[in-house]
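# Close look at the chain arrangement
Spelled out from the first residue to the last, the chains are:
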Amino acid sequence: MSNPPFIQVNGLVKHFPLKAGLFSRSTEKVHAVNGVGFAIEKGQTHGLVGESGSGKTTTARLLLRVIEPDSGSFSFDGVPDVFQLAPAQLKKLRRQMQYIFQDPYASLNPKMQIRDIVTEPLRYAEGAKKLSSAQLNGIAEELLERVGLSGGDTGKYPHEFSGGQRQRISIARALSAKPSFIVCDEPVSSLDVSIQSQILNLLLDIQQATGISYLFIAHNLAVVFYLSDYVSVMYAGRIVEAGPSRVLSLRARHPYTKLLLDAMPGNRGAQREPTGDAGEPPNLIRLPAGCAFYSRCPRRGEQCAREVPALREVESSHFMACFEQG
Ligand SMILES: Nc1ncnc2c1ncn2[C@@H]1O[C@H](COP(=O)(O)OP(=O)(O)OP(=O)(O)O)[C@@H](O)[C@H]1O
Ligand SMILES: [Mg+2]
């Protein structure tokens, strides 16, 4: 039997209760994540793509246990289910899992010096408490140089850096505790296009050198394909298509993936069939009974209005949730 994957997420569900008004008690919920699953191998990148509100960030926050899932499991590096760990056990695992977020302005504390920012995960990690401030400064210098900044900048503050440089600082911080998994949530979306490729290449370079696994989240399909070994396309809290990057870029079958591909710069009009309504995603409070993509789908049939299509394997390692043959 082959080894289980380094990371395996199954049946992830998160419904947010709507805040009740002063005189009403709402039982309605926002169906943000509705049964998401994927695997990530060591040293590989799993891309998560989908339009705004499809549940990407909620998925990331669930894995980092910033919020707790309604159901689902998350096995990580031999730990059968991270969701079942008590806080003390979770603390030991924390340094293994780091994150980089979209906005390098909001995610760096403006009052902290860079040396304290980049060594923060390390200072919180078990067994690192004995490090002297000189040692921490030395580590911060090395980390800054690793991400292409000057080691002499450890005494500076975030406002003294550009957006791209700040994202490098976020990456240095994520690396400080020598993690084996980093969640990157739209790490380049707020940066100029010319800076984006530098940051993406830095992430690739770090992965090659360290064997870190990434969950890489983005709107932009081109960016996701560039970085990811395997890609899952999310729509209304579900994965509607998943497969190796190359397969998805060449042979996407789900009408929603085709819509995303068609919207890529340079691809406009490249698809020979209608690719669906650019329209609006469904209301996540009252999801339709059948396929969530129904109202926008050029291929919708009767069954699609009644039943939610399950994710099924359409060719080796390529999955799609659509009743049509694609
Ligand atoms: N704490 C919360 N309470 C209520 N609803 C929430 C909460 N967090 C997220 N949501 C809702 O869940 C849905 C999914 O949000 P999420 O942030 O995961 O989407 P996303 O795919 O990351 O979108 P974007 O591309 O814009 O970042 C949205 O409708 C959002 O409003
Ligand atoms: Mg998001």
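Keep in mind the model is a prediction, meaning the values are calculated, not measured.

A tally of regular secondary structure across the protein gives 11 helices and 11 strands. In terms of overall size, the protein behaves like a compact globule, its C-alpha atoms giving a radius of gyration of 21 Å where 326 residues would be expected to give roughly 20 Å. If one aligns the C-alpha atoms of the protein with their principal axes, the spans along those axes are about 70 × 55 × 50 Å. When each of the 326 residues of the protein is scored for burial, the buried share is 48%. Contacts in the protein between residues at least 24 apart in sequence constitute 63% of all its contacts with a sequence separation of at least 6. Entry remark: accessible area of the protein is about 15,900 Å², with carbon and sulfur atoms responsible for 51%. In the protein, which carries 36 positive and 31 negative side-chain charges, the distance between the mean positions of the two groups comes to 4 Å.

In this section: the packing of aromatic side chains. Considering all chains together, one arrives at eight aromatic pairs under this definition. With centroids separated by 6.1 Å and ring planes inclined at 70 degrees, the aromatic side chains of Phe-74 and Phe-76 adopt a geometry described as edge-to-face. Like Phe-74, the residue Phe-76 is buried in the burial classification. Here the aromatic rings of Phe-76 and Phe-181 are separated by 6.1 Å at their centres, their planes lie at 45 degrees, and the arrangement is tilted.

Moving on, we come to the site of ligand 1. Contacts to ligand 1 come from 14 residues, most closely from Ser-52, Gly-53, Lys-56, Thr-57 and Thr-58. Contact distances for ligand 1 include 3.0 Å between an oxygen atom and a backbone N or O atom of Gly-55. Measuring from an oxygen atom of ligand 1, one finds a side-chain N or O atom of Lys-56 at 2.7 Å. The fraction of the free accessible surface of ligand 1 (640 Å²) that becomes covered by protein chains is 65%. If you list the elements that add at least two residues to the shell around ligand 1, you get strand E2 (29-40) and helix H1 (56-63). It is H1 that provides the largest number of residues to the shell around ligand 1, a total of three residues.

Moving on, we come to helix H5 (residues 133-146). Every α-helical turn comprises 3.6 residues, leaving residues that sit three or four positions apart pointing alike. Between its first and last C-alpha atoms H5 spans 20 Å; for 14 residues at 1.5 Å apiece the expected length is 20 Å, and the two agree. Burial in H5 covers these residues: Leu-136, Asn-137, Ala-140, Leu-143 and Leu-144. In a view along the axis of H5, the buried residues occupy a sector of 125 degrees, so they form one face of it. Exposed positions of H5 whose direction lies more than 90 degrees from the buried face are Ala-134, Glu-142 and Glu-145. Residues of H5 that are buried make contact with helix H3 (114-118), helix H4 (120-124) and helix H6 (163-175). Two residues or fewer past H5, Gly-148 is found with a positive phi of approximately 85 degrees.

The topology assignment puts Ser-75 in strand E4 (residues 71-76). Once the C-alpha coordinates of Ser-75 and Pro-4 are considered, the two residues, 71 residues apart in sequence, prove to be 9.2 Å apart. With residues near it in sequence (within four places) discarded, Ser-75 still touches Phe-6, Ile-7, Gln-8 and Pro-80.

Looking now at the nonpolar core. In terms of nonpolar packing, the biggest core is built from 54 residues, with Ile-171 and Phe-216 touching the most fellow members. Excluding residues within four positions of it along the chain, Ile-171 makes contact with Ile-100, Val-147, Ile-199, Leu-202, Leu-203 and Ile-206. If you look at the next biggest cluster of nonpolar residues, it comprises 31 residues, including Leu-85, Phe-181, Ile-239 and Ala-242.

Space inside the largest pocket adds up to approximately 400 Å³. The leading source of residues in the lining of the largest pocket is helix H2 (residues 87-94), at four residues. Of the residues contributing to the lining of the largest pocket, the split by class is 10 nonpolar, one polar and six charged. Within this model, the second largest pocket holds a volume of roughly 250 Å³. Along the wall of the second largest pocket there are 15 residues; nearest its centre are Phe-38, Ala-39, His-46, Tyr-230 and Phe-319. Of all the secondary structure elements, the ones that give two or more residues to the lining of the second largest pocket are E2, strand E3 (45-49), strand E8 (230-235) and strand E9 (238-244). Counting residues per element, the lining of the second largest pocket draws most heavily on E2, which supplies four residues. Residues that form the lining of the second largest pocket fall into these classes: eight nonpolar, five polar and two charged.

With respect to the secondary-structure elements, Glu-241 resides in strand E9. Of the side chains with opposite charge, Arg-253 comes closest to the buried, unpaired Glu-241, at an N-O distance of 6.1 Å. Engagement of the side chain of Glu-241 in a polar contact is seen with the side chain of His-318, the distance being 2.6 Å.

We now examine the pattern of salt bridges. Taken as a whole, this structure holds six salt bridges when the rule is applied. When the shortest N-O distance is used, the salt bridge between Arg-146 and Asp-205 registers 3.6 Å. With Arg-146 in helix H5 and Asp-205 in helix H7 (residues 193-210), this residue pair connects regions lying 59 residues apart in the sequence. You can call Arg-146 partly exposed: its relative accessible area is 31%.

Cut-offs used in this document
Residues numbered from 1 in each chain as written. Chains lettered and ligands numbered in written order. Predicted model: local features only at pLDDT ≥ 70, side-chain atom pairs only at ≥ 80, totals over all residues. Heavy atoms only, no water. Helix = DSSP H or I, 4+ residues; strand = E, 2+ residues; numbered from the N terminus. Rg over C-alpha atoms; globule rule 2.2 N^0.38 Å. Buried < 20%, exposed > 50% of the residue type's maximum accessible area, 1.4 Å probe, protein only. Contact = heavy atoms within 4.5 Å. Areas by Shrake-Rupley, 256 points an atom, 1.4 Å probe, with all protein chains shown as cover. Lys, Arg positive; Asp, Glu negative; His and termini not counted. Charge placed at Lys NZ, Arg CZ, Asp CG, Glu CD. Phe/Tyr/Trp six-rings, centres within 6.5 Å; stacked < 30°, edge-to-face > 60°. Near = heavy atom within 4 Å. Polar contact = N/O pair within 3.5 Å; in protein donor to acceptor, adjacent residues only side chain to side chain. Expected span 1.5 Å × (residues − 1). Arc of directions from axis to C-beta. Core = buried A, V, L, I, M, F, W, Y, C linked by side-chain atoms within 4.5 Å. 1 Å grid on protein atoms, 1.4 Å probe; cavity = no way out; pocket = protein on both sides within 12 Å on 5 of 7 lines; lining within 4 Å. Points joined across faces, edges and corners; volume = space filled by probe spheres on them. Nonpolar A, V, L, I, M, F, W, Y, C, P; charged D, E, K, R; others polar. Salt bridge = Lys/Arg side-chain N within 4 Å of Asp/Glu carboxyl O.

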